[in-house]
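Spelled out from the first residue to the last, the chains are:
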Amino acid sequence: ENYFPLWTKKRVRKSIKIKGIFIDLPQVRKTVSTLPLYEAKFIPKEFFSNVVWWVYSSKVAMVLFKDEPVIVVVEGEDFAKTYANVFKQMWRQAKK
């Protein structure tokens, strides 16, 4: 079962806002525009990767989307801070 719709409902119930950086393609922009409580920016398609990552609390979750997704969660303040800083830099360079 696809977890994303369930997670989105739970996130909306708790009024959790998130930021995301996506590949700049028309179909991606259309999908992202429907996501509630979501602030999105976009980067050129040549930066596409099957790996996404999320930073939350003191954790970094990295997900490889293939036939069988692979998820690695690393817990540690230093890891979370580093990935949060990388995200901040990417956010500054991405466009709306």
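Quick caveat: nothing in here was measured; it's all calculated off a predicted structure.

Before going further, it helps to examine the packing of aromatic side chains. Taken as a whole, this structure holds five aromatic pairs when the rule is applied. Relative to Tyr83, the ring of Trp53 lies with its centre 4.9 Å away and its plane at 75°, an arrangement referred to as edge-to-face. In this pair, Trp53 sits in strand E3 (residues 51-56) while Tyr83 sits in helix H3 (residues 77-93), placing the two residues 30 residues apart along the sequence. The exposure class assigned to Trp53 is partly exposed, which follows from its relative accessible area of 24%. Among the aromatic side chains, those forming a connected cluster through ring pairs are Trp53, Tyr83, Phe87 and Trp91.

Looking now at the side chain of Arg11. Its location among the elements puts Arg11 in helix H1 (residues 3-13). For the buried Arg11, no salt bridge exists, and the shortest N-O distance to an oppositely charged side chain is 11 Å, to Glu39. From its side chain, Arg11 meets the backbone oxygen of Pro36 in a polar contact 2.7 Å long. Residues in contact with Arg11, not counting those within four places in the same chain, are Ile16, Lys17, Ile18, Pro36, Leu37 and Tyr38.

A word on the sheet that holds strand E4 (residues 59-64). A sheet is described by the order of its strands in space; here three strands give the open sequence E3-E4-E5, paired in antiparallel fashion. Looking at strand neighbours, the two that pair on one side only are E3 and strand E5 (70-75), the edges of this open sheet. The average angle at which neighbouring strand axes cross in this sheet is 15°, direction not considered. Pairing geometry for E3 and E4, over six bridges, is antiparallel. Note on E4: the bridge partner recorded for Val55 is Val60. Running at roughly 115° to E3, H3 makes contact with E3, E4 and E5 of the sheet.

Here is what the cut-offs are and how they apply
- In this numbering scheme, every chain counts its residues from 1 along its sequence in written order.
- Only residues with pLDDT of at least 70 get local features here, since the model is predicted, and only at 80 or more are side-chain atom pairs given and counted; chain-wide, interface and lining totals rely on the full set of residues.
- Side-chain descriptors were evaluated using all non-hydrogen atoms of the structure, hydrogens and water having been removed beforehand.
- Aromatic rings from Phe, Tyr and Trp, with only the six-membered ring used for Trp, were paired whenever their centres fell within 6.5 Å, and each pair was classed as stacked if the ring planes differed by under 30 degrees, edge-to-face if by over 60, and tilted otherwise.
- Helix numbers and strand numbers start at the N terminus; a helix is a DSSP run of H or I with at least 4 residues, a strand a run of E with at least 2.
- The buried label applies to any residue whose accessible area, calculated with a 1.4 Å probe on protein chains only, is under 20% of its type's maximum; exposed applies above 50%, and partly exposed to all values in between.
- For the purpose of charge, His is not counted, nor are the chain termini; Lys and Arg are scored as positive and Asp and Glu as negative.
- What counts as a salt bridge is simple: a side-chain nitrogen of Lys or Arg found within 4 Å of a carboxyl oxygen of Asp or Glu.
- Any pair of N or O atoms that falls within 3.5 Å is considered a polar contact. Within protein, one atom must be able to donate a hydrogen and the other to accept it, and sequence-neighbouring residues count only if both atoms are side-chain atoms.
- Two residues form a contact once any of their heavy atoms are found within 4.5 Å.
- Two strands make a pair as long as DSSP finds a minimum of two bridges between them.
- Interaxial angle, 0 to 180 degrees, is taken between N-to-C directions of lines fitted to C-alpha atoms, where a helix line uses only the stretch in contact.

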